[in-house]
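Chains, contacts and geometry: an overview
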Amino acid sequence: MRAATLAIFFVFACVGCREAGKTVVFTGEAMGTSYRIKCAGGKGFDTGAIDVLCDQLDEELSTWRDDSWVSRFNAAPAATRFVMPEHVEELLKLSKAITEETHGRFDPTAGALVKLWGFGAWKNEWTGEPSDGEVSAALEASGFGNLQIDGHQIMKSSSQLMLDFSGIAKGYAVDQMAGLLREDGYRDFVIEFGGEVFASGAAPGKDHWTISGPAQGSRLQLRNEAAASSGSEHQHRGMWSHVIDPRNGRPIRVGPPVTVRARTCARADALATATLVKAAEPSKRPRTEER
Amino acid sequence: MRHWVNFGLLFSFLTLVVSGVMAFTLPFSLVTTRVHIVFGLLTMLLVILHVVSRTRYFAGKVSGKGASRAMIAGIVLAWCGLVALALGGLWPIRQLVGAGYEARNRAEIVRSSPLAGFLETEDTRRFVARKTEESGSTALALLVRFRDGLEQAPAMAVWTETTTGTMIETLYLDEVLAYGDEVEWQGVKTLRHKILPIWRHRYTMVSGVDPNGEIDAFTASTPTHSFSLEKYLDPAEGEELVICVEVNAAADANTTFGDPWFGQPSLLYTAYLSPGGEAAYGLLELTAHGGEAAKGGTLAYDFEGIDSAKRLIDLLLVKIAPTEE
């Protein structure tokens, strides 16, 4: 009897030891795409916290649902005062800095132009190529200059101004997921969410995580760094990409995808969009940028 | 009778233990499952006989006093605790289950949607169908007829892709290939991506599981399509898709492809589908081969040197039917 009890304890002890050196993978779906987290060393992780986070981000940032904070803000008339949720406030601050840094190639206030060209959440509203006058009007309504931010409150000076965080939201979500994992004691993990990646620490037995890029055979080695790609292969209309150049209000031409590495995934995500715009400019075609 | 039950229980239980350990540590096998179920039923029958034959003993213990009752209460308590740990997936049950083959290789295991099914009507025929969730009617059906006289049916995967080449759903994958990247294929241990390289590469791109274990994650522009055929089978959505079938026969070497085991490369057959309107039939056409596909999913279009592999399939017919409201 005593021997049997000892044997059972031995089995469970062995199983426990196996956990320490292995990699565990968590997967799930959120914000219309899927995520995959690979952690070195392993104890359990409650993916419910990630689901809660993603639901919250969706409720605040999604342009695909009418009841999100962003959709309500977009539909509101000019001069309506809104209190910004925490994530929106943080994203706007981050986005504004990147808009300045990229000389306007990335601009989340250009949602009216995305709608005008029938991309993203407005793809079913496409009725045909907009006129020059419509483009000019949407262009004029866009830009951080048309937003007034006062503490936690925000209002727009043009009713046509629309926010669209789709170029940064997933990257931001990855950074938030990384925060949750760190709070849970993980140091070595890699998160992939809709093609955006953040790698913390390194894979077991290595000093980095290995990431495959969109170009065939391309490899990135990341450690405490993010990578994001932007491309038009999945979203385009003929030769026109779903990415709009916020400076002239017109879609860029479809070209090869670009990958950007940065300290945070939100930054990499936004810079990837800006780099795709830059790549479409004549005589410039960067493929991988390190920022 | 008592000896029959005792020895029957011993051997039945031993078989149950062995098949249970195999089911826990090895890839899914119909044979192991069958053995486990049969001996599970036999053990249950023998245990019932054993309990019935010892009714007086059990009745005595239950109606007994002092130590007997305390022992039974302790056993019931331990039993309840174990059931609670198992139901809640708590330590150490969670760790124990996590050590099983299924948990360790979850990402490599491919299961079709519950709405997809297949039928092996004869050795040379496969019928693969995909129903829709809403109407429950078959919206997509594929008939595969291999050449008569084949000693072994070739390995096969059936999947659907978007028109830009992203996998939507795997509808069928041979059972021997479905439970991990290291497989035993027709008696030889090998890797799944060497048998059906094109399917495996497409699967890598959507699952993020690299067959060599070198890649930890993928960065790419955000996919916008749904990983479910539902949207694509709805005529109102106006979506188009491609159905793909990859087949590969073992040991079909020739003068161009001399590897004695892998021989000629896998072949990819495709058909472009546009659901909507009336029922439509289409023949899948030979599109590419997987000779170079193991090196990153490249499709090869030069069929020079491929001979018997092109004669593996007699007919590949796909039917796309309007969904019933």
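Anything mentioned here points back to the structure above.
So, a few notes on the structure that sits alongside this text. (Residues numbered from 1 in each chain as written. Chains lettered and ligands numbered in written order. Predicted model: local features only at pLDDT ≥ 70, side-chain atom pairs only at ≥ 80, totals over all residues. Heavy atoms only, no water.)

**Observations concerning the pairing of strand 5 (residues 167-173) of chain B**
All names here are of chain B. Counting buried positions along strand 5 yields 7 of 7 residues, so the element is predominantly enclosed. Sheet topology note: the strand 4 (residues 155-161)/strand 5 ladder contains 5 bridges and is antiparallel. Within strand 5, the position partnered with E161 by the bridge is M167. The loop that links strand 4 with its antiparallel partner strand 5 comprises 5 residues; one of these, G165, has a positive phi angle of about 90 degrees. (Buried < 20%, exposed > 50% of the residue type's maximum accessible area, 1.4 Å probe, protein only. Helix = DSSP H or I, 4+ residues; strand = E, 2+ residues; numbered from the N terminus. Pairing = 2+ DSSP bridges.)

**Some remarks on the packing of helix 2 (residues 48-61) of chain A against helix 4 (residues 86-101) of chain A**
Residue and element names in this part refer to chain A. Helix 4 packs onto helix 2 with a crossing angle of 70 degrees between their chain directions and a minimal axis gap of 9 Å. Between helix 2 and helix 4, the interaxial angle falls into the category roughly perpendicular. Counted together, L53, Q56, L57, E60 and L61 of helix 2 and H87, V88 and L91 of helix 4 form the full contact between these two elements. Of the residues that constitute the contact of helix 2 with helix 4, the class distribution is 5 nonpolar, 2 polar and 1 charged. (Axes fitted to C-alpha atoms, helices over the stretch in contact; angles between N-to-C directions. Parallel < 35°, antiparallel > 145°, perpendicular 65-115°, else oblique. Contact = heavy atoms within 4.5 Å. Nonpolar A, V, L, I, M, F, W, Y, C, P; charged D, E, K, R; others polar.)

**Details of the nonpolar core**
Ranked by size, the top nonpolar core spans 52 residues in total, and within it W69, L92, L163 and F165 of chain A carry the most contacts. The residues contacting W69 of chain A, other than those within four sequence positions of it, are E59, E60, F82, V83, M84, P85, V88, I154 and L163 of chain A. By size, the runner-up hydrophobic cluster in this structure holds 34 residues, among which are L233, L241, A249 and F257 of chain B. (Core = buried A, V, L, I, M, F, W, Y, C linked by side-chain atoms within 4.5 Å.)

**Digging into the pattern of salt bridges**
Residue and element names in this part refer to chain A. One pass over the structure, following the stated rule, counts 15 salt bridges over all chains. A salt bridge links E225 to R261, with the nearest nitrogen and oxygen atoms 3.0 Å apart. Residue E225 is located in strand 10 (residues 225-230), and its partner R261 is located in strand 14 (residues 258-262); the two are separated by 36 residues in the primary sequence. On the basis of relative accessible area, E225 is assigned to the buried category, the value being 17%. For R261, a relative accessible area of 13% translates into the label buried. The partner of R247 in a salt bridge is D245, and the shortest N-O contact between them spans 2.9 Å. We classify D245 as buried; its relative accessible area is 7%. Within the structure, one salt-bridge network assembled from shared partners comprises R105, D245, R247 and E281. (Salt bridge = Lys/Arg side-chain N within 4 Å of Asp/Glu carboxyl O.)

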